[in-house]
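Fold and geometry: a report
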Amino acid sequence: MEGLYYKDTEGLNSQMKNESLELSQSQKEYLRELSVSEQDWKNTPTEIQTELLEGIQKRCTEIGEIKYEDVYPEFLSKELAMKDKNDFLDQVDALKQEIEQLPCKREGAKSIIDGAINPERYYDAPTKIIAILKEPYDKNGDDLGGWDLTESLNRKVSLLDQPAEGRPTFRPLIAIANQIESGESYQEVKPALNSEEAYYTFKSNSGYINIGKELQSGTAYTDDSTIAAKVERNNDIINKQLEVLRPDVVLIGGRSVENAIIRPVEGGYEIGNDFISKNNFKEVGCCRAYYTDERIYIATYHPSQRTISDADYCNTISGLVKDWKEEYKGTNNLENFRFSLSESQQNYLQEVLPLGNHDVLVNRIDELNDSHPPKAIDSNKEIAELIEPIKDQIDTKLLEAPNDFVQIEQVSDAMCEVEGLRYDDWKELSFDERMDTLNKLESIMAEITHRPASVVLAKELGEGCCGYFNSMSKEIVISSEHIKGESIECYANVLDTLIHEGRHAYQDYNLNEREVHPRQGELSNWRTNELDYGYRDVETYGFEHYAMQPVEADARAFAEDVLKQYMEKTV
């Protein structure tokens, strides 16, 4: 299996490699007891594997903050990482059930569930954001609750889908989610705040916790004593939500919520289960920031405030997050080739522009970038401006691809125009004509997503196998049985497989030839999956591990979104 580089059958002997990992000999022996060889692992029954993983997690927790990859073999580290994600999703479900059971004061009322908007995508987000606000409210007073706020938010596709009275709250939150993701200012993200793309980012990296879980009837405004009482009443569940969701950034909206949630103690502050030293506090503009090396809490106005401009509000918050990442988080996640060009570097590129030799230009940009694989040549804003006059002459495979929502929209639009692709037409096509249609669609999708087109082939595959992408030959293979089938199910499977495997071709291009995908967080997840941990096939790891790995979850979600839009447009 590609990506499994660990060879030592003696377990941990060659894995204690991190010099900063200061473990006593007894601690090393304690961990080594639960190490197995790769071959032994494959021969271990599933229930014993589960017990082993749980034992490893328990021992690591007992010893302290230990990274699995520092102390365990590669194949065990990746199993633990997958188990962590599955455990996270299980904990999210358990929290929802606990919130459902919370008692309500109003007769017949039920709690409103909150948390991460899209837990699976939230787990993989490079920066996780949770907003803590007062409570949901019903201005008409006739809603008894019992619904899931996260599911409601996840069904929306843009800010315009939100009720008009709710938009003042969500607009700044969407802006902040996009600013933290992209590193851009409010002025730069503002033009796209109503777009599906901006809302998609918000759904992927954000969540929502209300200190009051019951709908407030008539108005959203409550006094400090009422807010404090609700925090006291729901303190345990709020702390559990923060512990499970593990946000990097917590926005606390409103002074009354801040006063109720942040408790001054000797030497600093307590927020949930975190202690914040008084030295790790600063006030900037409208915000009071409390931070550790793992998390920043930002107490500020409620997002719907009208005291200052949205630009000042959002820029102050995103600026604090950026500074915290650089000073305390220890890493700067904004890796999107945004360095400033020196005068000599600008001259180095400008001198070849009049020559019209794009190969030389691309080579020089890649040389300045010095990344492997090279990035899209317009990833840097200064270079993008420099080449703008000739951009339409450059091969799109060298340029940054559109964001996912744009890709989804354009691919679904293109599908509507491909002759023979609609089901009523598809049924009348011969097998060869169907293959021609699929190859035509693949060429269009490749152009839209800025990658090379793959040849689409048909082969007889085993039961349950719809198709695959061959990373060596760059071919997409689809089950010939499905292509020959006349049913609507076979038709849908063929389209889903083509789009799904086309997304794998896109992932492969980004990981091995050129980074054109605009979201660095997703690229990092794909890279970890494919290049660090290795791909998990069904035969070796089982369906659940196969389906949950980042490259498969991404391809599945992308294909589902495209097909949903295509079906809606062709009804």
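Rules behind the numbers
- Residues numbered from 1 in each chain as written.
- Predicted model: local features only at pLDDT ≥ 70, side-chain atom pairs only at ≥ 80, totals over all residues.
- Heavy atoms only, no water.
- Helix = DSSP H or I, 4+ residues; strand = E, 2+ residues; numbered from the N terminus.
- Contact = heavy atoms within 4.5 Å.
- Areas by Shrake-Rupley, 256 points an atom, 1.4 Å probe, with all protein chains shown as cover.
- Axes fitted to C-alpha atoms, helices over the stretch in contact; angles between N-to-C directions.
- Parallel < 35°, antiparallel > 145°, perpendicular 65-115°, else oblique.
- Left-handed = near helix turned anticlockwise from the far one by under 90°.
- Nonpolar A, V, L, I, M, F, W, Y, C, P; charged D, E, K, R; others polar.
- Buried < 20%, exposed > 50% of the residue type's maximum accessible area, 1.4 Å probe, protein only.
- Polar contact = N/O pair within 3.5 Å; in protein donor to acceptor, adjacent residues only side chain to side chain.
- Pairing = 2+ DSSP bridges.
- pLDDT = per-residue confidence, 0-100.
- Phe/Tyr/Trp six-rings, centres within 6.5 Å; stacked < 30°, edge-to-face > 60°.
- Lys NZ or Arg CZ within 6 Å of the ring centre and 35° of its normal.
- Core = buried A, V, L, I, M, F, W, Y, C linked by side-chain atoms within 4.5 Å.
- Expected span 1.5 Å × (residues − 1).

With that out of the way, let us pick up the overall build of the protein chain. Counting its secondary structure elements, the protein chain contains 25 helices and 15 strands. Look at the contacts in the protein chain between residues 6 or more apart in sequence, and 67% of them connect residues 24 or more apart. In the form shown here, the protein chain has an accessible surface area of approximately 27,000 Å², with 46% of it arising from carbon and sulfur atoms.

On to the packing of helix α10 (residues 196-205) against helix α17 (residues 404-417), then. In contact at an axis separation of 8 Å, α10 and α17 are set at 130° when each is read in the N-to-C sense. As judged from the angle between their axes, α10 and α17 are oblique. When you trace α10 past α17, the crossing you get is right-handed. Along the contact surface, α10 presents E196, E197 and Y200, while α17 presents D404, F405, V406 and E409. Here the residues of the contact of α10 with α17 are counted per class, giving three nonpolar, no polar and four charged.

Among the 10 residues in α10, eight count as buried, and that is most of the element. Along α10, the residues that are buried comprise A198, Y199, Y200, T201, F202, K203, S204 and N205.

Okay, the environment of Q507 next. Note on placement: Q507 falls in helix α21 (residues 488-512). For Q507, a relative accessible area of 3% gives the class buried. Sequence-wise, Q507 and W526 are 19 residues apart; in three dimensions their C-alpha atoms are separated by 7.3 Å. For Q507, the contacting residues outside a window of four places in its chain are W526, V551, D554 and A555. A distance of 3.0 Å separates a polar atom in the side chain of Q507 from the backbone oxygen of V551.

Attention shifts here to the sheet that holds strand β15 (residues 475-479). Spatially, three strands are ordered β13-β15-β14 in an open sheet, and the strand pairing comes out mixed. Pairing within the sheet leaves two strands with one partner each, and these edge strands are β13 (455-459) and β14 (467-470). Strand-to-strand, the axes of this sheet are offset by a mean angle of 25°, without reference to chain direction. Here four bridges tie β14 to β15, and the two strands are oriented antiparallel to one another. Within β15, the position partnered with F469 by the bridge is I476. Along the sheet, helix α19 (residues 431-448) makes contact with β13 and β15, crossing β13 at roughly 145°. Across the sheet, α21 touches β13, β14 and β15, and the angle it forms with β14 is around 20°.

Quick look at the confidence of the model for the protein chain now. Per-residue confidence for the protein chain gives a mean pLDDT of 84; residues scoring 70 or more make up 89%. Counting interchain partners and residues more than four positions distant, the pLDDT-below-50 stretch residues 1-20 has 51 contacts. Note on residues 330-339: pLDDT is under 50 here. Beyond four places in sequence and across chains, it has 32 contacts.

Both faces of the sheet carry side chains from a regular strand, because those side chains alternate between them. Inspection of the sheet shows strand β7 (residues 262-265) paired to strand β8 (residues 268-271) by four bridges, in the antiparallel sense. Each bridged residue has a counterpart across the sheet, and for P264 the counterpart in β8 is Y269. Hairpin connection of β7 to β8: two residues between the antiparallel strands, including G267 at a positive phi of 85°.

It is worth spelling out the packing of α21 against helix α25 (residues 550-570) at this point. For any two helices packed against each other, one specifies the inter-axial angle together with the distance between the axes. Where α21 meets α25, the axes come as close as 8 Å, and the angle between the chain directions of the two elements is 130°. It follows from the interaxial angle that α21 and α25 lie oblique. In this structure, the crossing between α21 and α25 has a hand that is right-handed. Taken together, the residues of α25 that come into contact with α21 (itself represented by Y491, A492, L495, D496, I499, H500, R503, H504 and Q507) are V551, E552, D554, A555, R556, F558, A559, V562, L563, Y566 and M567. Looking at the contact of α21 with α25, its residues break down into 12 nonpolar, three polar and five charged.

A separate point is unusual backbone geometry. One non-glycine residue, H450, adopts positive backbone phi at about 60°. A relative accessible area of 11% means that H450 is categorised as buried. Non-glycine residue K474 carries a positive phi angle of around 65°. Here K474 lies in the loop between β14 and β15. Residue classification places K474 among the partly exposed positions, given a relative accessible area of 29%.

Assignment of secondary structure puts T201 in helix α10. Assessed through its relative accessible area of 5%, T201 is described here as buried. With residues up to four places along the chain from it excluded, the contact list for T201 reads A177, N178, E181 and R519.

Next up on the list: the packing of aromatic side chains. The geometry of an aromatic ring pair is captured by the separation of the ring centres together with the interplanar angle, meaning the angle of the planes. The full count for this structure, using the stated rule, is 11 aromatic pairs. In this structure an aromatic cluster arises from ring pairing among F170, Y199, F202 and Y208. Above the ring of F431, the side-chain terminus of K484 is found at 5.9 Å from the ring centroid. Geometry around F558 places R503 over its ring, the cationic atom sitting 4.4 Å from the centre.

Let us look at the nonpolar core. As a rule of thumb, soluble globular proteins bury nonpolar side chains together. In terms of nonpolar packing, the biggest core is built from 38 residues, with I174, F202, L251, I296 and I298 touching the most fellow members. In contact with L251, not counting residues within four places along its chain, are I129, I130, A131, I132, L173, I176, I298 and I317.

Turning next to the sheet that holds β7. One open sheet holds the three strands; their spatial order is β7-β8-β9, and the pairing between them is antiparallel. Single-partner strands in this sheet number two, and they are β7 and β9 (274-277). Each adjacent strand pair in this sheet contributes to an overall mean axis angle of 30°, direction not counted. Two elements, β8 and β9, share four bridges in a ladder whose sense is antiparallel. Looking at the pairing, I271 lines up with D274 of β9.

On to helix α8 (residues 167-182), then. Along an α-helix, residues three or four positions apart point the same way, because every turn accommodates 3.6 residues. When the terminal C-alpha atoms of α8 are compared, their 22 Å separation across 16 residues agrees well with the 22 Å that a helix rising 1.5 Å per residue should span. Burial of α8 is extensive: 13 of the 16 residues sit out of reach of the surface. Phi for G183, located one or two positions after α8, is positive at around 80°.

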